Amino acid sequence: MNINVIEGNFIKAASNYGEIEQIAKNLTGYLRISVKKDGGFEEGYIFVEGGQKIGYYHIDGMDETTGKKAEELISKMKEQDCMVEVYEYNDNKLNVMKDMFGEIFKIGAPKEEEKTTIKNTDHIYSNNKDYDTVVLNIPEGAPLNMGVSINEYKQYLSGYKLIEVFNKDNNEYKKAYIIYDNNTPILMAYEDNNGVLCGESSKNLAEDLLNNPNSVVDIFDYDINKINILKEYCPKMNLMQNIQTTTENNGEEDEDLNEFMDSLLANNEKKKEEEEHLSKEELMKKLGIRMPDDELIDNYINLISKPTPEELLNLKKDFEEKIHKIISNEENISSYSLDVSVEYDNRYICRCNIEIMPKKKMGFIKKKINILYIIDKINSMIRENILDITPEVNIIIK
């Protein structure tokens, strides 16, 4: 079965299912429920359209279940200590999911065939020699515009951008990843049921997707650090020789490993038997491939998890809006000022400094304001939005 859920726009996270039921009444998207189990996670997905539950998908280890049987398993998960995340879809993404994975949305009587075991491979590929049998790991960018049509995406390509283009054709899922530097594509990969194509060999199929009016495009802000990571781990994605980008490594140019490997393997065709007996380390040394050290891996993890300045700014605006609503609902407050900052130092930190002017009558405070209640309410709101965050709320009565 091997279902890949298309990611939606994150809305909210909660520590139990009851906290998000109100949001789900008007949602088009999905709820992801996670329960810790045997050192991993059991996950359930509830797909919703206009507030109506229309599909279910459950995965536990190597077992995938859909439809009515998945609904029963997810109902049991709701009763446990679980984490619930809410994601929003536009109509295009929901329709793609329906077309690609129709079994999710069959919620009639359960069938024996609905439960399958995933084979111990990430994909099943054909023997087409042009395809690579690898699993793409593209560092995520900051979402800029999701579900854009083919006619609109070009207006967003200034600076560094990652675009993901996906479509379904004859029951086959197709996806392209293209990184732009000021409207110029510099890295590219394409993926379908046959496997992965990178760089120049992916251009024709990726362009076919971009010319298909039924394709959907997601656009992400990107940065030079993520580009350097891709060039380090997947140099075959390069579309141009000697790409000029400003980095902190004194402008070092990436080696064209794709051409080097093709040439090396062609010249050593007679030595295939000998190479089959080489260890992984010996083969990598022979091909001139450097194993990543701990520092490089740590930098990779940090770059993926660390939020961008734009993401921190959006969080700040979101928190300000919600704090304004909390304070404005307190009837004994005459006026107030609010200063919010959001930082990231291995975890999120939200600092809120609030000055409150209470309502007065004949110069005396009309009714005492419950500061602890307001602080607790703001802390709860902040933690509901981000789990790994430290709120620091300070209120002064003037």
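Okay, so let's go over this structure. Everything quoted here is computed from the prediction, not taken from an experiment. (Residues numbered from 1 in each chain as written. Predicted model: local features only at pLDDT ≥ 70, side-chain atom pairs only at ≥ 80, totals over all residues. Heavy atoms only, no water.)

1. Here's the deal with the nonpolar core
- Phe319, Ile323, Cys350, Ile354, Ile378 and Ile382 are the most contacted members of the largest nonpolar core, which totals 24 residues.
- Looking at this core, the elements with two or more residues in it are α10 (309-328), β14 (333-344), β15 (348-358), α11 (371-385) and β18 (389-397).
- Not counting the four nearest positions on each side in its chain, Ile378 is found in contact with Ile323, Ile326, Ile354 and Val393. (Core = buried A, V, L, I, M, F, W, Y, C linked by side-chain atoms within 4.5 Å. Buried < 20%, exposed > 50% of the residue type's maximum accessible area, 1.4 Å probe, protein only. Helix = DSSP H or I, 4+ residues; strand = E, 2+ residues; numbered from the N terminus. Contact = heavy atoms within 4.5 Å.)

2. Digging into the packing of aromatic side chains
- A full pass over the atoms with the stated rule returns 9 aromatic pairs.
- Ring centres of Tyr30 and Tyr45 lie 5.8 Å apart, and the angle between their planes is 50 degrees; this geometry places the pair in the tilted category. Within this pair, whereas Tyr30 is found in strand β2 (residues 29-37), its partner Tyr45 is found in strand β3 (residues 40-49), the two being separated by 15 residues in sequence.
- Classification of Tyr30 by relative accessible area gives buried; the value is 2%.
- Between Tyr45 and Phe47 the ring centres are 6.4 Å apart and the planes differ by 20 degrees, which places this aromatic pair in the stacked class.
- An aromatic cluster of at least three residues, connected via ring pairs, comprises Phe10, Tyr30, Tyr45, Phe47, Tyr57, Tyr87, Tyr89 and Phe105. (Phe/Tyr/Trp six-rings, centres within 6.5 Å; stacked < 30°, edge-to-face > 60°.)

3. Here's the deal with helix α3 (residues 91-100)
- Every buried residue belonging to α3 is among Lys93, Leu94, Val96, Met97 and Met100, and all of these are buried. All buried residues of α3 project into a common sector of 160 degrees when viewed along the axis, lining one side. Away from its buried face by more than 90 degrees, α3 exposes Asp91 and Asp99.
- The opening residue of α3, the one whose side-chain oxygen lies 2.9 Å from the backbone nitrogen of Lys93, is Asn90. (Arc of directions from axis to C-beta. Polar contact = N/O pair within 3.5 Å; in protein donor to acceptor, adjacent residues only side chain to side chain.)

4. Notes on the packing of α10 against α11
- Contact geometry for α10 and α11: axes closest at 10 Å, N-to-C directions at 145 degrees. Read as a crossing pair, α10 and α11 show a hand that is right-handed. In contact with Asp318, Phe319, Lys322, Ile323 and Ile326 of α10, α11 contributes Lys377, Ile378, Met381, Ile382 and Asn385.
- Residues of the contact of α10 with α11, tallied by class, amount to 6 nonpolar, 1 polar and 3 charged. (Axes fitted to C-alpha atoms, helices over the stretch in contact; angles between N-to-C directions. Left-handed = near helix turned anticlockwise from the far one by under 90°. Nonpolar A, V, L, I, M, F, W, Y, C, P; charged D, E, K, R; others polar.)

5. Focus: unusual backbone geometry
- The phi angle at Asn182 is positive, at roughly 50 degrees, despite the residue not being glycine.
- Structurally, the position occupied by Asn182 is in the loop between β10 (172-181) and β11 (184-192).
- A positive phi angle, close to 70 degrees, is found at Asn346, a residue other than glycine.
- Note on placement: Asn346 falls in the loop between β14 and β15.

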